[in-house]
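# Breakdown of the fold
If you want the building blocks of each chain, they are given just below.
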Amino acid sequence: MYCTRDATPISKAEVAMDNSYQDVTDPSVYVKFKLKDRDAYMLAWTTTPWTLNANTALVINKDITYAEVEVNGEHLILAEKLISSALKDEKNKPITYNVVKKYKGKDLIGLEYEPLFTNRGKNAHKVWHADFVHEEEGTGIAHQAPAYGEEDYLLAKEYGIPVVIDTDDEGVYTEGPWEGKQIWEANKQIAKELHQQGIVWRIDYIRHSYPHCHRCGTKLMYRAHPSWFMDIDGQR
């Protein structure tokens, strides 16, 4: 975890302090990723819209059953068990859909999709398996920005998925559509703009407890960052 105001990583011990977690409202988004050579979209769910510019992969669970559904002329793929909770309108009411086809997760592994913004090169923009994908919330499909999540980063190292860092030490975008803007200032704006463009299928605002810097109160981000570690016990 990393504080953009102090421009420094924060240890797990520091985050465990009493004043670290605060309740905040953030946008979670259902994002359409267009499959190559197929008129259908993988519908991924993320609570961090600000990481979408650094997307390099999608992950599913090979043991989950997925369904391709038709909604208003579009074909969306998501976990079968999450259809009723995910497919709602802006007023949180169920919408009409038709199930076109069902898949085992293992049959979706290896599919390629079109980049949302920038083509990140070799081995990017493919569908992979990850054990941490579940059917408890979202869509059963997770977007991966390996520079901004521990599980994402470890998966990227294992499979050679590109790691894109598109922010500087203060959390300001150095490239892409929101270049020059700070991630927390742009987060809700990103969700709304992508919704207007049809990339985000639906926005759902969630209230949750989120870690903040115990020194300055700034929301923390997850960030791959070169750091030194001291073995204190070994120096006693």
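It should be noted that the structure appears before, not after, this text.
Overview of the structure. No experiment lies behind these values; they were computed from the predicted model shown. (Residues numbered from 1 in each chain as written. Predicted model: local features only at pLDDT ≥ 70, side-chain atom pairs only at ≥ 80, totals over all residues. Heavy atoms only, no water.)

## Brief notes about the overall build of the chain
Looking only at helices and strands, the chain has four helices and twelve strands in total. A compact globule built from 236 residues should have a C-alpha radius of gyration of about 18 Å, and the chain, at 19 Å, falls within 12% of that. Counting only C-alpha atoms, the chain reaches 65 × 35 × 30 Å along its principal axes. Taken across its 236 residues, the chain has 47% of its residues classed as buried. By sequence separation, contacts in the chain at least 24 residues apart represent 68% of the contacts at least 6 residues apart. When the accessible area of the chain is evaluated, it comes to approximately 12300 Å², of which 46% is carbon and sulfur surface. (Helix = DSSP H or I, 4+ residues; strand = E, 2+ residues; numbered from the N terminus. Rg over C-alpha atoms; globule rule 2.2 N^0.38 Å. Buried < 20%, exposed > 50% of the residue type's maximum accessible area, 1.4 Å probe, protein only. Contact = heavy atoms within 4.5 Å. Areas by Shrake-Rupley, 256 points an atom, 1.4 Å probe, with all protein chains shown as cover.)

## Observations concerning helix H4 (residues 183–196)
Across its 14 residues, H4 extends 19 Å between first and last C-alpha, which sits within 8% of the 20 Å expected from 1.5 Å per residue. Of all the bends found along H4, the most pronounced is centred on glutamine 189 and spans about 30°. When H4 is considered as a whole, its buried residues turn out to be Ile183, Trp184, Ala186, Asn187, Ile190, Ala191 and Leu194. Between the side-chain oxygen at the start of H4 and the backbone nitrogen of tryptophan 184 there is a gap of 2.7 Å, and the oxygen is on glutamine 182. Where H4 terminates, the next one or two residues include glycine 198, which has phi positive at roughly 85°. (Expected span 1.5 Å × (residues − 1). Bend = angle between axes of the 7 residues up to and from the residue. Polar contact = N/O pair within 3.5 Å; in protein donor to acceptor, adjacent residues only side chain to side chain.)

## Looking at the sheet that holds strand E1 (residues 2–3)
Hydrogen bonds between backbone groups are what pair the strands of a sheet, and the pairing can be parallel or antiparallel. A sheet is described by the order of its strands in space; here three strands give the open sequence E2-E1-E12, paired in antiparallel fashion. Edge positions in the sheet fall to strand E2 (8–9) and strand E12 (220–221), since each has one partner strand and no second. Alignment of E1 against E2, held across two bridges, turns out to be antiparallel. Paired with tyrosine 2 across the two strands is proline 9, which belongs to E2. (Pairing = 2+ DSSP bridges.)

## Some words on the pairing of strand E7 (residues 74–79)
The pairing of strand E4 (residues 41–46) with E7 spans two bridges and is parallel. In the sheet register, methionine 42 faces E7, and the bridge partner there is isoleucine 77. Judged from the six bridges that link them, strand E6 (residues 65–71) and E7 form a sheet pairing that is antiparallel. Each bridged residue has a counterpart across the sheet, and for glutamate 68 the counterpart in E7 is isoleucine 77. Taking the residues that link successive antiparallel strands as the turn, the E6-E7 hairpin has two residues, and the phi of asparagine 72 there is positive, at about 50°.

## Focus on the packing of aromatic side chains
One pass over the structure, following the stated rule, counts eight aromatic pairs. With centroids separated by 4.9 Å and ring planes inclined at 65°, the aromatic side chains of tryptophan 50 and tyrosine 148 adopt a geometry described as edge-to-face. One end of the pair, tryptophan 50, is in the loop between E4 and strand E5 (57–60); the other, tyrosine 148, is in the loop between strand E10 (142–144) and helix H3 (150–159), with 98 residues separating them in the sequence. Accessibility assignment for this pair places tryptophan 50 and tyrosine 148 in one class, buried. On the basis of an interplanar angle of 85° and a centroid distance of 5.6 Å, the ring pair of phenylalanine 117 and tryptophan 178 is categorised as edge-to-face. (Phe/Tyr/Trp six-rings, centres within 6.5 Å; stacked < 30°, edge-to-face > 60°.)

## Considering H3
Where H3 is concerned, the buried positions are Asp152, Leu155 and Ala156. When H3 is viewed along its axis, its buried side chains cluster within an angular range of 100° and face the same direction. Turned more than 90 degrees from where H3 packs its buried face, Glu150, Lys157 and Glu158 sit exposed. Tucked into the core, H3 has its buried residues touching E5, strand E9 (126–129) and E10. Of the residues flanking the end of H3, it is glycine 160, one or two places downstream, whose phi is positive at about 75°. (Arc of directions from axis to C-beta.)

Purely geometric stuff here, so don't read any function into it on its own.
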